[in-house]
Amino acid sequence: MALIGYDEALALLSAGIEPLEGETIALAQAQGRVLAAPVTARISFPAGDASAMDGIAVRDADVTPGTAVRLIGTSYAGQPFSGTLGSGEGVRIFTGALLPDGADRVIMQEHVRFEDDLAHVGEGYGPGWHVRRAGEDFGKGDLLLPAGCLMGTGQLLCAAGGDVGEIMAVRRPRVRILATGSELVEPGEAAAHAATIPDSVSPAIAALVCNWGGEVVDRTRLPDDLPALAAWAGEALADADVIVVTGGASVGARDFAQAMFADAPLEPVFSKVAIKPGKPVWIARSGKTRIVGLPGNPSSALVTARLFLAPLLAALGGRPMAVALDWQDRKVEADPRQDGDREVFLIAETVGGTVRPVSRQNSGGQSQWALANCLLRSARSRQDSDGTWKVPCLPF
Ligand SMILES: Nc1nc2c(c(=O)[nH]1)N[C@H]1C(S)=C(S)[C@@H](COP(=O)(O)OP(=O)(O)OC[C@H]3O[C@@H](n4cnc5c(N)ncnc54)[C@H](O)[C@@H]3O)O[C@H]1N2
Ligand code: MOO
């Protein structure tokens, strides 16, 4: 039977994905989170007319170059002057301080000479009025951030400025990662044990999960022992939104990644895709839990995680799946297309304005990942009229 292609697999994956529910969190914890509800301002900003400069607050009608006003008080940010400014009067004022009643203009202190309680206004103080009008930035109740917005530094500033201390965020997908393979040990322990290799895949997958908004609640390694794997599967299905199983995806005598879920009614999404690397990748559902089976070969695991797991996490986390599939044409030195019955995704590095496939593309290799920072969809490359080759590129 012919294997399905990448686009078909992606379409099957995207069907029926709903963002997870919202939860209230402190704004201080909001970095990287996605809004489940819009953020509106709880205050107007500025709350009242305020000074944009250090200087004196005056009535504009009183002042021309050479006038002196009598200073009757001081307005600091957080400690406003409570009186009202009369004709010929001024108030010493500092940036951010509320303008006293009666004042409508601020003159920067660089244009003022102070002498006892008099302030002499010099030439060239205009044309700026140096007043921030009440509510000119935003008013109480104004929409500051829409639902679906990804919270980064700017969005944190904006919400905090609106006096918002808590937000409603889409719950992060809870992800359990299981590395299967009797040969696997924790990195740092393989040198001391014959016939073992470091589990290089699951730390990398855990990092990818974090990058795409997931929360790794469990990272476990188990030997190729079906009863032990099945016991783990039962527990994981109880509370995970996404289960990632690495290895055991192929046809080997001890490839149990799918068999370990035999007790649960697994609904296949797809199994095996005509891509290289990563053909044995499979995805299934059990209730609301998605199970993502990644091939054990390290390069295949990382490529398929980027192609399928990243969009899945983005969508569960309340963002359009497309944010994780932002293929952009990039210049490449030579035609990267390759013949074969599977669509080839090349791992590549960005060098200046061009992308360059790394020299080793083998699915079992790991050293090539020292340089790799993107994937190339080589079959979709094209040559411009000026002879340059362009290829769709997906950053890692
Ligand atoms: N007869 C066939 N053999 C294979 C086929 C096939 O179609 N017919 N497909 C090949 C392809 S393509 C791939 S990719 C691999 C995928 O195999 P599995 O998912 O079953 O992975 P394993 O056999 O468990 O491991 C493969 C390889 O990767 C190493 N590995 C596994 N997990 C990790 C880890 N967490 N960290 C580092 N390295 C890991 C493992 O030791 C093996 O060397 O199957 C081909 N075979
Ligand atoms: O698909 Mo496998 O990933 O080619 O080695």
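Quick caveat: nothing in here was measured; it's all calculated off a predicted structure. (Residues numbered from 1 in each chain as written. Chains lettered and ligands numbered in written order. Predicted model: local features only at pLDDT ≥ 70, side-chain atom pairs only at ≥ 80, totals over all residues. Heavy atoms only, no water.)

*Asks:* Please provide a residue-by-residue account of the packing of aromatic side chains, values included.
*Replies:* Inspection of the entire model under this criterion finds 8 aromatic pairs. Their ring planes at 75 degrees and their centres at 5.2 Å tell us that W369 and F396 sit as a pair that is edge-to-face. Of the two residues, W369 sits in the loop between strand 24 (354-357) and strand 25 (374-377) while F396 sits in the segment after strand 27 (389-395), which places them 27 residues apart along the sequence. Among the residues examined, F396 registers a relative accessible area of 27% and is labelled partly exposed. Taken together through their ring pairs, the aromatic side chains of Y6, F270, F308, W327 and F345 make up a single cluster. (Phe/Tyr/Trp six-rings, centres within 6.5 Å; stacked < 30°, edge-to-face > 60°. Helix = DSSP H or I, 4+ residues; strand = E, 2+ residues; numbered from the N terminus. Buried < 20%, exposed > 50% of the residue type's maximum accessible area, 1.4 Å probe, protein only.)

*Asks:* Residue-level account of the domain arrangement of the protein chain, with values.
*Replies:* By convention, interface size is frequently given as the accessible area that disappears when the constituent parts associate. The assigned domain composition of the protein chain is domain 1 (6-20 + 172-324), domain 2 (22-43 + 146-170), domain 3 (50-132) and domain 4 (329-395). Measuring from the centre of the C-alpha atoms in domain 2 to the corresponding centre in domain 3 gives 37 Å. (Domains from an automatic or database assignment.)

*Asks:* Tell me about helix 1 (residues 6-14), and name the residues and values.
*Replies:* Those residues of helix 1 not exposed but buried are Y6, A9, L10 and L13. Down the axis of helix 1, the sector holding all buried residues measures 100 degrees, keeping them to one side. The inward-facing, buried residues of helix 1 contact strand 18 (267-271), strand 19 (275-276), strand 20 (282-286), helix 5 (298-316), strand 23 (343-351) and strand 25. Just downstream of helix 1 lies G16, where phi reads positive at about 75 degrees. (Arc of directions from axis to C-beta. Contact = heavy atoms within 4.5 Å.)

*Asks:* Please set out the site of ligand 2 residue by residue, giving values where relevant.
*Replies:* Residues in close proximity to ligand 2 include P277, G278, K279, P280, N297, S300, R342 and S363, which together make up its full environment. Between ligand 2 and G278 there is a distance of 2.7 Å, counted from an oxygen atom to a backbone nitrogen or oxygen. At 2.9 Å, a backbone N or O of K279 approaches an oxygen atom of ligand 2. Split into classes, the residues belonging to the shell around ligand 2 amount to 2 nonpolar, 4 polar and 2 charged. (Near = heavy atom within 4 Å. Polar contact = N/O pair within 3.5 Å; in protein donor to acceptor, adjacent residues only side chain to side chain. Nonpolar A, V, L, I, M, F, W, Y, C, P; charged D, E, K, R; others polar.)

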